Amino acid sequence: MADEMKTPLLDDLEKGRWPSFVTDLKQAAAKKASAKDLMGQLEKSYVDRIGHWKHGGIVGVKGYGGGVIGRYTDMPGDFPGVEHFHTIRVNQPSGWFYNTKALRELCEVWDKHGSGLTNFHGATGDIILLGTTTDHLQPCFDDLANIGFDLGGSGSALRTPSACVGPARCEWACFDSLDVCHTITNAFQSQLHRPMFPYKFKIKISGCSNDCVAAIARSDMSIIGTWKGNIRINQDEVRACAQGGMNIQAEVVDLCPTHCMGWDGTTLTLDDRECNRCMHCINLMPKALRQGVERGASILVGGKAPIVHGALLGWVAVPFIKLEPPYDELLEFINKVFDWWDENGKMRERLGELINRQGMGKFLKAMGLKPAPQMIKRPRANPYYFWREGVN
């Protein structure tokens, strides 16, 4: 089927060193008419230099307000296979761990009901099933539920929480990111499946400040592993790094963002009062430097991609919180944030934009939090924050 269609612009994307999505499209087009017409429409979009999708209504499954993104072509006469081409978001397991049985069952369901095209995974973290018709939405959901999968979030709702692999594979995890993600997902099913917020809300969880899920830049609430106390230093291992050819002064000390380290050729010193726990030095010398013993997380709020009002990085709201089951303190804080944002946010206003508009002081007061130096990038140089006794 794919060979019958002329797609010179798509063919060009198969050239070069890296694998191309076009090759996957052609494989799917050999079996599915919808995938074939998708290729035709995409080729047409490249020629016309416009997209040919339109918004034609809201579709979904019983009891859910989200999880399905309606998609329709504006050229149904030319490409009937994508007249309806809805996307289904499927809630992924914490850390994106699957066994082969689960993957086979998932693919069988999608081959039965959709185009066979998938995206592992979307930007939020969901399994993305690309392209089905309206009449297949409910049967597809029913079959997904039978094999243990649920829908993810879409629309003005809590989006599917996602987390790094954490303690399953990483020695730097300061808490069980997988269990925290699973707990949050279960605790906020209503907010996930039935959109009720001013706009989308994303929670992403990284077990340490390496932030392997890019939570700080992409999520309204990021939970980032950290520690209290001093970094542990093994001076013998530091000297072994130097003897092994590492330029500790240039590669470690000079690149410390807070300049809190020193190296005299035999001994590494570190002023932990100035350390912002970025883990740059630990990543370079993992045998020589270790995190502090008391571990937990920092909670940051307000991060988002550059839609509407521009990109924002998360602000520190809670510098340190112990994260141990059943996570009551964390869940209580999330509920407070939801309530304040839902009460004060405008339509299509993300949490970070609301904090920008009303001020961090109002947010902290609503959360019952006291200001802390960690909430400011350069607390000694910022002239716009004033610590007044009895205020804030």
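Higher on the page you've got the structure.
Predicted model, so just to flag it, every value in this text is computed and none were measured. (Residues numbered from 1 in each chain as written. Predicted model: local features only at pLDDT ≥ 70, side-chain atom pairs only at ≥ 80, totals over all residues. Heavy atoms only, no water.)

Chemist: So what exactly am I meant to see when it comes to the packing of aromatic side chains here?
Modeler: The description of an aromatic ring pair rests on the distance of the ring centres and on the angle between the ring planes. Going through the model one piece at a time under the given rule, you end up with nine aromatic pairs. Geometrically, the ring pair formed by F188 and F338 is edge-to-face, given 5.4 Å between the ring centres and 85° between the ring planes. Taken together, the positions of F188 in the loop between helix 6 (177-187) and helix 7 (189-193) and F338 in helix 12 (residues 328-344) put the pair 150 residues apart, joining distant regions of the chain. For F188, a relative accessible area of 3% gives the class buried. On the accessibility criterion, F338 (3% relative accessible area) is buried. (Phe/Tyr/Trp six-rings, centres within 6.5 Å; stacked < 30°, edge-to-face > 60°. Helix = DSSP H or I, 4+ residues; strand = E, 2+ residues; numbered from the N terminus. Buried < 20%, exposed > 50% of the residue type's maximum accessible area, 1.4 Å probe, protein only.)

Chemist: What am I meant to see in the sheet that holds strand 9 (residues 221-228) here?
Modeler: Sheet strands line up and pair through hydrogen bonds in the backbone, either parallel or antiparallel. Spatial strand order, 7-8-9-14-15: five strands in an open sheet with mixed pairing. Each having just a single partner strand, strand 7 (162-163) and strand 15 (315-321) make up the two edges of the open sheet. The pairing of strand 9 with strand 14 (residues 294-301) spans eight bridges and is classified as antiparallel. For W227, the partnering residue across the bridge sits in strand 14 and is R295. (Pairing = 2+ DSSP bridges.)

Chemist: Explain the pairing of strand 8 (residues 203-206) here, please?
Modeler: For a regular strand, side-chain orientation follows a simple rule: the groups alternate between the two sheet faces. Side chains I203 and I205 of strand 8 all project onto a buried face; the interleaved residues K204 and S206 project onto the opposite face, where all are buried too. One ladder, built from two bridges, connects strand 7 with strand 8; its direction is parallel. Following the sheet pairing, S162 is matched in strand 8 by K204. Strand direction decides the pairing type here: strand 8 and strand 9, joined by four bridges, are parallel. Counterpart to I203 in the pairing with strand 9 is M221.

Chemist: I would appreciate a short explanation of empty space enclosed by the protein in the present structure.
Modeler: To find leftover empty space, one rolls a probe the size of a water molecule over the atoms. In total, this model carries one cavity of 30 Å³ or more according to the counting rule given. The computed volume of the largest cavity comes to approximately 80 Å³. Surrounding the largest cavity, 14 residues form its lining, C256, M261, C275, C278 and C281 being those nearest its centre. For the lining of the largest cavity, the residue count by class is ten nonpolar, three polar and one charged. (1 Å grid on protein atoms, 1.4 Å probe; cavity = no way out; pocket = protein on both sides within 12 Å on 5 of 7 lines; lining within 4 Å. Points joined across faces, edges and corners; volume = space filled by probe spheres on them. Nonpolar A, V, L, I, M, F, W, Y, C, P; charged D, E, K, R; others polar.)

Chemist: I would appreciate a short explanation of helix 3 (residues 33-48) in the present structure.
Modeler: Because the α-helix completes a turn every 3.6 residues, residues three or four places apart line up on one side. With 16 residues, helix 3 should cover 22 Å at 1.5 Å per step; its first-to-last C-alpha distance of 22 Å lies within 8% of that length. The set of residues buried in helix 3 consists of S34, A35, K36, D37, L38, M39, G40, Q41, E43 and S45. In the core, the buried residues of helix 3 are packed alongside helix 1 (8-12), helix 2 (21-29), strand 1 (53-54), strand 3 (72-73) and strand 5 (114-120). Positive backbone phi, at 60°, marks R49, one or two positions downstream of helix 3. (Expected span 1.5 Å × (residues − 1). Contact = heavy atoms within 4.5 Å.)

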